[in-house]
Amino acid sequence: MGLISLVWGIVALLWMVLAFIPLLGWGNWFLIPFAAVGAVIAAIGLLFTREGNRGRAKAGLLLNVAVIVVGVIRLGLGGGFV
């Protein structure tokens, strides 16, 4: 689960970089739910993984949450949330 969430977070991060290009900001509307699913996968990974093997799940959770926060801020600045 940890590896899946980490890869999911990397894909979301690459998608976020693409959504920073002008006129592609609409991609944030799809990016935020995508990263939220990755965060849920990471949380499940944290619940069902032993204490010593949680590093990838923690990294995936942190990465997905960071992508969600940046995506929400980008939508707010661009007028996406009215």
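Residues numbered from 1 in each chain as written. Predicted model: local features only at pLDDT ≥ 70, side-chain atom pairs only at ≥ 80, totals over all residues. Heavy atoms only, no water.

J.: Would you mind going over a nonpolar patch on the surface in detail, with residue names and values included?
T.: On the surface, Met1, Ile4, Val40, Ile44, Leu47 and Phe48 cluster together to form a nonpolar patch covering roughly 650 Å² of accessible area. When residues of the nonpolar patch are assigned to their parent elements, the largest contribution, four residues, is made by helix 2 (residues 27–48). Secondary-structure assignment places Val40 in helix 2. (Patch = residues over 30% accessible without salt bridge, like charges linked within 9 Å, V, L, I, M, F, W, Y side chains within 5 Å. Areas by Shrake-Rupley, 256 points an atom, 1.4 Å probe, with all protein chains shown as cover. Salt bridge = Lys/Arg side-chain N within 4 Å of Asp/Glu carboxyl O. Helix = DSSP H or I, 4+ residues; strand = E, 2+ residues; numbered from the N terminus.)

J.: I'd like a description of helix 1 (residues 2–19), backed by residues and values.
T.: Here helix 1 contains 18 residues, and its C-alpha end-to-end distance of 25 Å stays within 8% of the 26 Å for a straight helix at 1.5 Å per residue. Tucked inside the fold, the buried residues of helix 1 contact helix 2 and helix 3 (55–78). (Expected span 1.5 Å × (residues − 1). Contact = heavy atoms within 4.5 Å.)

J.: Summarise the packing of helix 2 against helix 3; cite the residues concerned and give the values.
T.: Across the interface, helix 2 lies against helix 3 with an axial gap of 8 Å and an inter-helix angle of 155°. With respect to their mutual orientation, helix 2 and helix 3 come out roughly antiparallel. Seen along the crossing, helix 2 lies across helix 3 with a hand that is left-handed. On helix 3, the residues that touch Asn28, Trp29, Leu31, Ile32, Ala35, Ala36, Gly38, Ala39, Ala42, Gly45 and Leu46 of helix 2 are Ala57, Lys58, Gly60, Leu61, Asn64, Val67, Ile68, Gly71, Val72, Arg74 and Leu75. Each residue belonging to the contact of helix 2 with helix 3 can be placed in one class, and the counts come to 14 nonpolar, six polar and two charged. (Axes fitted to C-alpha atoms, helices over the stretch in contact; angles between N-to-C directions. Parallel < 35°, antiparallel > 145°, perpendicular 65-115°, else oblique. Left-handed = near helix turned anticlockwise from the far one by under 90°. Nonpolar A, V, L, I, M, F, W, Y, C, P; charged D, E, K, R; others polar.)

J.: Provide a residue-level description of the pattern of salt bridges, including the pertinent values.
T.: Using the criterion set out here, one finds one salt bridge in the structure. Notably, a salt bridge pairs Glu51 with Arg54, separated by 3.5 Å at the nearest N-O pair.

J.: Describe the side chain of Asn64, listing the residues and the values that go with them.
T.: Mapped onto the secondary structure, Asn64 falls in helix 3. A polar contact of 3.5 Å, which involves the side chain of Asn64, links it to the backbone oxygen of Ser5. Beyond its immediate sequence surroundings of up to four residues, Asn64 is in contact with Ser5, Trp8, Gly9, Ala12, Ala35, Gly38 and Ala39. (Polar contact = N/O pair within 3.5 Å; in protein donor to acceptor, adjacent residues only side chain to side chain.)

J.: Break down the environment of Val7 for me, with residues and values.
T.: Structurally, Val7 is set in helix 1. Among the residues examined, Val7 registers a relative accessible area of 44% and is labelled partly exposed. With 49 residues separating them in the primary sequence, Val7 and Arg56 have C-alpha atoms 9.5 Å apart. (Buried < 20%, exposed > 50% of the residue type's maximum accessible area, 1.4 Å probe, protein only.)

Without other data, these values stay purely geometric and don't point to any function.
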